[in-house]
Amino acid sequence: MDFAFTEDEERLRAEIKAFIARQLTPEVKAQLIAEREGHGRGPLAAAFFRDIYERGWLGVSWPKQYGGQGANRFAQYIVEEEFYRAAQLVIGGGGTGVPAVLAAGTEEQKRYYVPGSIRREISFCQGYSEPHCGTDLAGIRCRATRHGEIFIINGQKIYTTGAQAATHIYLMVRTDPNSKRQAGLSILLVPMNTPGITIRPLWTIQSDPPAPPKTTYGEPRTNEVFFDNVEVPATCLLGAEGDGWAVAQRGLNLDRVGAWRYLISVMRDEDIVNLIKKDEPPTEGLRQDPRVRDKLAELWTEGQVCRLMTMRSLSLEQRGGRFKYEGSAEKIWAPEHGVRATEAISQILGPYAQLLNGSPHAINNGVFAHNLLGAFQSTVNHGSVQVMRDQVARKGLGMPKQRN
Ligand SMILES: Cc1cc2nc3c(=O)[nH]c(=O)nc-3n(C[C@H](O)[C@H](O)[C@H](O)COP(=O)(O)OP(=O)(O)OC[C@H]3O[C@@H](n4cnc5c(N)ncnc54)[C@H](O)[C@@H]3O)c2cc1C
């Protein structure tokens, strides 16, 4: 088995690295952070994305007929990896929305959403969770009632991250009022500016003080979204009416793999290794400590397992295969590695590991302390590790469904 990238792929990586070194100035970075916080896109950030677009790196693996480059999943991985590493930007083709549109959308939807996403005129937030159901997603109550060629939506979503900046919500609703559990659910792609939608912020533990750039799960804000007689055309439906569970599962699986999923868990290891190697106060001398060296080597090895699992999933996707348990296995290993890593780092750094952004003695603006606050949630969101273990037991090991 050959784990190396091809020459073309390495050339692409070098080109992206050079672009980032040249174009991602501190001023551009500041505008990207402001945009993430919901302050709209500044002119420098707009020019930055235009340049990336012109180079064909947005939607690099998406089909050419919809404006992509038709490149393979590994090219997308490289684009994602370099931009995520540099500025936590999810670029290249991953994320909520388009992968599911490509898998389940009509021709008209593909022609609208894919080029729009590539130009970054369209972005999705994910509307699954509700106040009474997160893990138990099949309990969805948010309802869309069909009246001929329109749906009327009523209900509430919670933890809708990025709703304040997204143009559309990828919304799971119950379209059959008499249905139970997974049956009778549908996915609607709803423009966020539709009358009747209200967004209310939910500030996270990372908001005060604001987590510094490079924090994993450093989002200062998520949201509640309310739907009050929201009227949308039936053309907003993604996939068949009532087939929302299957559409969502496929979308979620595609969303669980990719460079950024791997990096959110592994960048912590890289950051601590780089810090210890510098050998400066307050970590001076630690690079000679056998306990620290041993722990870092262990974390690094675990991190490489994350990488290999990602590669396996990409290779499967590239060959047109469907995930059975692979995305779930990845979604257990990587977040749990992230938790182990942040805990080990806080033991290595001692009291300094507790200091948040703004403290004069904080290391790297408190990034390690903020990572410690954020790590646990990656074991819960996007399918908790407990639920993922159940998927691996059933779909990977062929064990029967658990009786309650
Ligand atoms: C910061 C943040 C951002 C988020 N962003 C989004 C978003 O953009 N869009 C969106 O739709 N959702 C989002 N979520 C919601 C996230 O997906 C849910 O929090 C998650 O699905 C868990 O649901 P819950 O919070 O209701 O917890 P619960 O479902 O109450 O689960 C709590 C714990 O109990 C465990 N548990 C529950 N049921 C079982 C079971 N049957 N067997 C074993 N263990 C079980 C879970 O594994 C978990 O550890 C976000 C959450 C957070 C914290």
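Residues numbered from 1 in each chain as written. Predicted model: local features only at pLDDT ≥ 70, side-chain atom pairs only at ≥ 80, totals over all residues. Heavy atoms only, no water.

**Overview of the site of the ligand**
In the vicinity of the ligand there are 14 residues, among which Thr135, Tyr159, Thr161, Ser384 and Gln386 approach most closely. Gln126 is positioned with one of its backbone polar atoms (N or O) 2.8 Å from a nitrogen atom of the ligand. Between a nitrogen atom of the ligand and a main-chain N or O atom of Tyr159, the distance comes to 2.9 Å. In isolation the ligand exposes 970 Å². Once the protein is present, 61% of that is buried. Considered class by class, the residues forming the shell around the ligand number 3 nonpolar, 11 polar and no charged. Counting residues domain by domain, the shell around the ligand receives three or more from each of domain 2 (124-242) and domain 3 (256-396). (Near = heavy atom within 4 Å. Polar contact = N/O pair within 3.5 Å; in protein donor to acceptor, adjacent residues only side chain to side chain. Areas by Shrake-Rupley, 256 points an atom, 1.4 Å probe, with all protein chains shown as cover. Nonpolar A, V, L, I, M, F, W, Y, C, P; charged D, E, K, R; others polar. Domains from an automatic or database assignment.)

**Quick notes on the packing of aromatic side chains**
Overall, the coordinates contain 10 aromatic pairs when judged by the stated rule. Judged by centre distance (6.1 Å) and plane angle (55°), the ring pair of Trp57 and Phe83 falls under tilted. With Trp57 in the loop between α3 (43-54) and α4 (73-87) and Phe83 in helix α4, this residue pair connects regions lying 26 residues apart in the sequence. When sorted by exposure, Trp57 lands in the same class as Phe83, which is buried. Between Tyr128 and Tyr170, the ring centres sit 5.9 Å apart and the planes meet at 80°, which makes this aromatic pair edge-to-face. Taken together, the residues span a long stretch of sequence, with Tyr128 in the loop between β1 (124-127) and β2 (143-147) and Tyr170 in strand β4 (residues 168-174) at a distance of 42 residues. Side by side, Tyr128 and Tyr170 carry an identical accessibility label, which is buried. (Phe/Tyr/Trp six-rings, centres within 6.5 Å; stacked < 30°, edge-to-face > 60°. Helix = DSSP H or I, 4+ residues; strand = E, 2+ residues; numbered from the N terminus. Buried < 20%, exposed > 50% of the residue type's maximum accessible area, 1.4 Å probe, protein only.)

**What to know about the pairing of β1**
Residues Phe124 and Gln126 of β1 are buried on one face, and the alternating residues Cys125 and Gly127, pointing to the opposite face, are buried as well. The pairing of β1 with β4 spans 4 bridges and is parallel. Bridge pairing in β4 links Cys125 to Ile169. (Pairing = 2+ DSSP bridges.)

**Some thoughts on the pairing of strand β3 (residues 150-158)**
Sheet analysis places β2 next to β3, joined by 5 bridges and oriented antiparallel. Residue pairing for β3: Ala144 is matched across the bridge by Ile153. Between β2 and β3, which follow one another and run antiparallel, lie 2 residues, and Gly148 among them has a positive phi close to 60°. Inspection of the sheet shows β3 paired to strand β7 (residues 221-233) by 8 bridges, in the antiparallel sense. Bridge pairing links Gly155 to Phe227 in β7.

**Brief notes about the domain arrangement of the protein chain**
According to the domain assignment, the protein chain contains domain 1 (7-93), domain 2 (124-242) and domain 3 (256-396). With 10 residues of domain 1 at the contact, the number on the domain 3 side is 16 residues. Between domain 1 and domain 3, a total of about 1200 Å² is buried, with carbon and sulfur atoms accounting for 67% of that surface. Three residues stand out in domain 1 for area buried against domain 3, namely Arg73, Tyr77 and Tyr84, and they jointly supply 51% of the buried area on that side. We note a salt bridge from Glu317 to Arg73, for which the minimum N-O separation is 3.0 Å. When grouped by side-chain class, the residues that make up the side of domain 1 that touches domain 3 number 4 nonpolar, 2 polar and 4 charged. (Contact = heavy atoms within 4.5 Å. Buried area = accessible area lost by both parts, 1.4 Å probe. Salt bridge = Lys/Arg side-chain N within 4 Å of Asp/Glu carboxyl O.)

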